[in-house]
Amino acid sequence: MTVAQGVSGYILAFDFGEVRIGVAGGSSEMGIATPLATVTGASNDDKFTAIAKLISEWRPTRLVVGLPCHLDGTEHEMTRLARKFGQRLHGRFSLAVDYVDERLTSAEAEGLLSEAQTFGKKRKQALDQVAAMRILQAWFDGAGQQ
């Protein structure tokens, strides 16, 4: 049984970055992730306001945050910041937060965008959303959970 089979409802996933946060979503019943948005803002409050709008619109039952790690699995500063982001999501929205190992999701996202011949400004805007989609798909598939 995959994790998605044990959880019902809509799931939002986040590819956390200090400048941009990619967001993807999907129904746990379907188990298919879709890119949704890229959140940016001058401050954390601006970013959380945008996230609050997404949560209000999609009404997720659970959130998933990608955990960046070194290739050997060791954690670094961005891992700590992603965990802190997940804790803030839980605190603000009272939703369960799961973490997924996101090693190589950005490389996978780059590959998918190359295949789709998405370049330049459009590529930069889509990259974080596609990385979030890969994180959520890994969660649906039951892989890489922390």
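Cut-offs and rules
Residues numbered from 1 in each chain as written. Predicted model: local features only at pLDDT ≥ 70, side-chain atom pairs only at ≥ 80, totals over all residues. Heavy atoms only, no water. Phe/Tyr/Trp six-rings, centres within 6.5 Å; stacked < 30°, edge-to-face > 60°. Helix = DSSP H or I, 4+ residues; strand = E, 2+ residues; numbered from the N terminus. Buried < 20%, exposed > 50% of the residue type's maximum accessible area, 1.4 Å probe, protein only. Lys NZ or Arg CZ within 6 Å of the ring centre and 35° of its normal. Salt bridge = Lys/Arg side-chain N within 4 Å of Asp/Glu carboxyl O. Expected span 1.5 Å × (residues − 1). Contact = heavy atoms within 4.5 Å. Core = buried A, V, L, I, M, F, W, Y, C linked by side-chain atoms within 4.5 Å.

Visitor: What should I look at first to understand the packing of aromatic side chains in this one?
Guide: Each aromatic ring pair is described using two quantities: the centre-to-centre distance and the angle formed by the ring planes. Under the defined criterion, the tally for this structure stands at 5 aromatic pairs. Pairing Phe48 with Phe85 gives two aromatic rings, centres 5.8 Å apart and planes at 40°, and the pair type is tilted. One end of the pair, Phe48, is in helix 2 (residues 44-58); the other, Phe85, is in helix 3 (residues 77-93), and 37 residues separate them in sequence. Across this residue pair, the class does not change: Phe48 and Phe85 are buried. Above the plane of the ring of Tyr99 lies Arg83, whose end atom (NZ or CZ) is 5.6 Å from the centre. It is Arg92 that lies over the ring of Phe48; its NZ or CZ is 4.1 Å from the centre.

Visitor: Explain the pattern of salt bridges here, please?
Guide: Any two side chains of opposite charge can pair if their charged atoms end up close together. This model, assessed by the stated rule, comprises 4 salt bridges. A salt bridge links Arg20 to Asp128, with the nearest nitrogen and oxygen atoms 2.5 Å apart. You can see Arg20 sitting in the loop between strand 1 (10-15) and strand 2 (21-27) and its partner Asp128 sitting in helix 5 (residues 120-140), a full 108 residues away along the chain. Its relative accessible area of 25% is what places Arg20 among the partly exposed residues.

Visitor: Any chance you could explain helix 3 here in plain terms?
Guide: Spacing of three or four residues puts side chains on the same side of an α-helix, whose turn is 3.6 residues. Here helix 3 is 17 residues long and its end C-alpha atoms lie 24 Å apart, about the 24 Å a rise of 1.5 Å per residue gives. Considering only its buried residues, helix 3 is in contact with strand 1, strand 2, helix 2, strand 4 (62-67) and strand 5 (96-101).

Visitor: Got a minute to help me understand the nonpolar core in this structure?
Guide: Note that soluble globular proteins tend to have their nonpolar side chains buried in a common cluster. Residues Leu12, Phe14, Ile51, Leu63, Val65, Phe85 and Leu89 are the most contacted members of the largest nonpolar core, which totals 23 residues. Elements that contribute at least two residues to this core include exactly strand 1, strand 2, strand 3 (34-39), helix 2, strand 4, helix 3 and strand 5. Looking at this core element by element, the count peaks at 5 residues for helix 3. With residues near it in sequence (within four places) discarded, Val65 still touches Phe14, Ala82, Phe85, Gly86, Leu89, Val97, Asp98, Tyr99, Val100 and Ile135.

By themselves, these are just geometric observations and shouldn't be taken as functional.
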